[in-house]
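Descriptive analysis of the structure
Single-letter residue listing:
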Amino acid sequence: MKKPSLEKKEIELKEITGLDLVNIIVKQNYIEQDDIDDLQVDFSSKGFDEAYSILITSNLVTSDLVGQAMSEFYSLNLFDLKSFPPNKDLVKKISYDIASQYKMVVFAESKMEVFIATSNPDEKLIPIIKEIFPDKEIKLGYALPESIEDTFLLYKNNFSDRISDIMSKGEQVVPDIVKEIFEDALAQKASDIHFEPFAEEVVIRFRIDGVLQDIGILPKNFYENIVNRLKVISKLRLDEHFETQDGSIRYLTKKNTTVDMRISIAPVMDGEKIVIRVLFRYVNDLGLDSIGLSDKAFKLINDNLKNPFGLILVSGPTGSGKTTTLYAAIRDLVNSRVNITTIEDPVEYRVDRVNQIQVNEQKNITFAKALRSIVRQDPDIILVGEIRDNETAEIAVNSALTGHLVLSTFHANDAVSTLPRLYDMGVEPFLLSSTIDLIISQRLIRTTCPHCKYSQEMSVVDLKKVVPGIFKVFPKTKINVFKGKGCKECGFTGYKGRTAVFEVLAITHDMKDALADNIKSIQTIINEEEYISMFEDGLDKVKKGVTDFEELVRVVKVPEKFAKE
Ligand SMILES: [Zn+2]
């Protein structure tokens, strides 16, 4: 057992500061002091949450590692509340007041023992817990403050009751309702918040894991004030009710971290419909190793990112997770020796130490114009949010040709059709072929629910009916796959969360020569060593139990290679 390397008395146990956190992580050897110094942040003025969020967003550690370091420091087990969420009735055995005062929740309970997760371990907790569980042996474990806070949600009343409570107080009603909705959305990791006005009421919905879900209803008579409040905080025109408006919100959370959001307002029959996209939150823990790439795909991408210049494209339809992949790549590239500049519409994630420019048509900042001026600013790596037109495509290719690594997304169905489409846009084949190094394409796919997952034997002969060439990857007659049975956790769908399936195509030197002659020949010259199809990547994820076969064929077309026996 590792001994704590800082004296506990050095740290006032009531409050662990940001500087304490940094010291603990450095002393436990999870981060080098040099890396901390490189950040040039004065941690002595930061609280735990703020310091934590800086460390995570700077990509120096993951939340898991911080949890690990903290629990080692306390010589306690780490209780993973995210992977093993405790049940509501259990959590409620400790009253909310006590739980929030001492930052602790019940993690699990057995006949003889009770397991308490806390972000504030202290001997003083023991008598308090003993009073609630007099007959049990107490096992304390560590959990990060954010997962303790998330668990506190279990104490909350349902949305409508909370909104009624706020309304009955009569002060600050509208700002508090907005705050309540935002905090709910963040706690549930929603990507979008919808306010949909109808004749009598306003429906609030969140998009969680890509699916819209009803959250609750607001009385219509409050709605105008809520719309006004949202317009004020996003600096939009209050007197405009008949035109669409777009703006941005920088929201300061209860945990004192900032979250960027984009708001769009559009008039509908019964008022103004509002959609808010939550942006900043998802930057945490994002890196190429965390987006579901296979080892081979990871290696192909990583190798190409080391090129000092060239063009890397991520293609796919809207909502396929292209931007996430691009940012994961960018975050892996951030270091003190390169300058990274981006031009985006919208800026979906904020990344430390990256110069990010927002497209603004009204101010005449277009992709093409911004890209021209970026090149003059001596960047090493340029991220172009999307190649939408010929002008942007040409400047991107030229920048890649003149010693920059250019990353961008492109709207195409798959990697193989990306080059012919760029060619149709008017980019010279020899320019394209000499710059393009890698094309990634992707789709999002639902993952099997971990709470109700079970193993099932599947006949490959049955699979053959859907995929005639299946024997090429499954030579046996039976395979074991995993499926979700359906449970409360996954809304009885058998799926929870999403990941991506990837097509990765590296363009080798031989291929470049052939492409310069005939860009449309790409399909015929693919080198299998440097290529992974989306379907094969998906099959690999089926084998590993990440998703199931039905979901794969729902999302990804069976390729020609597998269409015949
Ligand atoms: Zn389930």
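Figured I'd write up the structure that's included with this text.

Cut-off values and rules
- Residues numbered from 1 in each chain as written.
- Predicted model: local features only at pLDDT ≥ 70, side-chain atom pairs only at ≥ 80, totals over all residues.
- Heavy atoms only, no water.
- 1 Å grid on protein atoms, 1.4 Å probe; cavity = no way out; pocket = protein on both sides within 12 Å on 5 of 7 lines; lining within 4 Å.
- Points joined across faces, edges and corners; volume = space filled by probe spheres on them.
- Helix = DSSP H or I, 4+ residues; strand = E, 2+ residues; numbered from the N terminus.
- Nonpolar A, V, L, I, M, F, W, Y, C, P; charged D, E, K, R; others polar.
- Buried < 20%, exposed > 50% of the residue type's maximum accessible area, 1.4 Å probe, protein only.
- Pairing = 2+ DSSP bridges.
- Patch = residues over 30% accessible without salt bridge, like charges linked within 9 Å, V, L, I, M, F, W, Y side chains within 5 Å.
- Areas by Shrake-Rupley, 256 points an atom, 1.4 Å probe, with all protein chains shown as cover.
- Salt bridge = Lys/Arg side-chain N within 4 Å of Asp/Glu carboxyl O.
- Lys, Arg positive; Asp, Glu negative; His and termini not counted.
- Charge placed at Lys NZ, Arg CZ, Asp CG, Glu CD.
- Core = buried A, V, L, I, M, F, W, Y, C linked by side-chain atoms within 4.5 Å.
- Contact = heavy atoms within 4.5 Å.
- Axes fitted to C-alpha atoms, helices over the stretch in contact; angles between N-to-C directions.
- Parallel < 35°, antiparallel > 145°, perpendicular 65-115°, else oblique.
- Arc of directions from axis to C-beta.

1. Some words on empty space enclosed by the protein
Under the criterion given, the structure shown has one cavity of 30 Å³ or more. By volume, the largest cavity is sized at about 50 Å³. In terms of lining residues, the largest cavity is bounded by Leu288, Ile301, Leu305, Ile312, Val314, Thr325, Leu326, Ala329, Leu407 and Ile440. Elements that contribute at least two residues to the lining of the largest cavity include exactly helix H12 (295-305), strand E11 (310-315) and helix H13 (322-333). It is H13 that contributes the most residues to the lining of the largest cavity, three residues altogether. Per-class residue counts for the lining of the largest cavity are nine nonpolar, one polar and no charged.

2. Quick word on the pairing of strand E16 (residues 436-448)
A regular strand places its side chains so that they alternate between the two faces of the sheet. In terms of residue burial, E16 counts as a mostly covered element, since eleven of its 13 residues are buried. Strand direction decides the pairing type here: E11 and E16, joined by five bridges, are parallel. Along E16, the bridge assignment pairs leucine 311 with isoleucine 436. In this sheet, strand E19 (residues 495-506) lies alongside E16 in antiparallel orientation, the contact comprising ten bridges. When the sheet's bridge partners are listed, arginine 446 is paired in E19 with arginine 498.

3. Some points on a negative patch on the surface
Negative charge collects at one region of the surface, where Glu32, Asp34, Asp35, Asp37 and Asp38 lie side by side. By secondary structure assignment, the location of aspartate 34 is in helix H2 (residues 33-39).

4. Side note on the nonpolar core
Ranked by internal contacts, the top residues of the largest apolar core, which has 37 residues, are Ile343, Leu419, Leu422, Ile439, Leu505 and Ile507. Excluding its chain neighbours within four sequence positions, the residues that come into contact with isoleucine 507 are Leu419, Ile436, Asp437, Leu438, Ile439, Lys512, Leu515 and Ile522. The next biggest cluster of nonpolar side chains, apart from the first, holds 35 residues, and it includes Val174, Ile181, Phe206 and Ile226.

5. Observations regarding the environment of alanine 400
The residue alanine 400 is located in helix H15 (residues 390-401) in this model. With 36 residues separating them in the primary sequence, alanine 400 and isoleucine 436 have C-alpha atoms 8.4 Å apart.

6. Description of the environment of threonine 448
Tracing the sequence through the fold places threonine 448 in strand E16. According to the relative accessible area criterion, threonine 448 is buried, its value standing at 4%. Taking the C-alpha atoms as reference points, threonine 448 and cysteine 490, 42 residues apart in sequence, are found 9.2 Å from one another. Apart from the residues lying within four places of it in its own chain, the contact partners of threonine 448 are Lys453, Phe482, Lys483, Gly484, Gly494, Tyr495, Lys496, Gly545, Val546, Thr547 and Asp548.

7. Concerning the sheet that holds strand E3 (residues 113-118)
The sheet built from four strands is open, its strands ordered E1-E4-E3-E2 with mixed pairing. If you trace the sheet from one side to the other, it starts and ends with strand E1 (77-78) and strand E2 (104-109), each paired once. Two elements, E1 and strand E4 (residues 137-142), share two bridges in a ladder whose sense is parallel. Pairing of asparagine 77 across the sheet is with glycine 141, part of E4. Lying on the sheet, helix H8 (residues 145-152) is in contact with E2, E3 and E4; it crosses E2 at an angle near 80°.

8. Regarding the packing of helix H10 (residues 173-187) against helix H11 (residues 223-233)
Here H10 crosses H11 at 75°, and the two axes come no closer than 9 Å. As judged from the angle between their axes, H10 and H11 are roughly perpendicular. Facing Val174, Pro175, Ile177, Val178 and Phe182 of H10, the residues of H11 in contact are Asn225, Ile226, Arg229, Leu230 and Ile233.

9. Looking at helix H19 (residues 509-517)
Those residues of H19 that sit buried are Met511, Lys512 and Leu515. Buried residues along H19 cover an arc of 105° about the axis, so they all sit on one side. Residues of H19 that are exposed and point over 90 degrees away from its buried face: His509, Asp510, Asp513 and Asp517. The secondary structure elements touched by the buried residues of H19 are helix H16 (418-424), helix H17 (429-435), E16 and E19.

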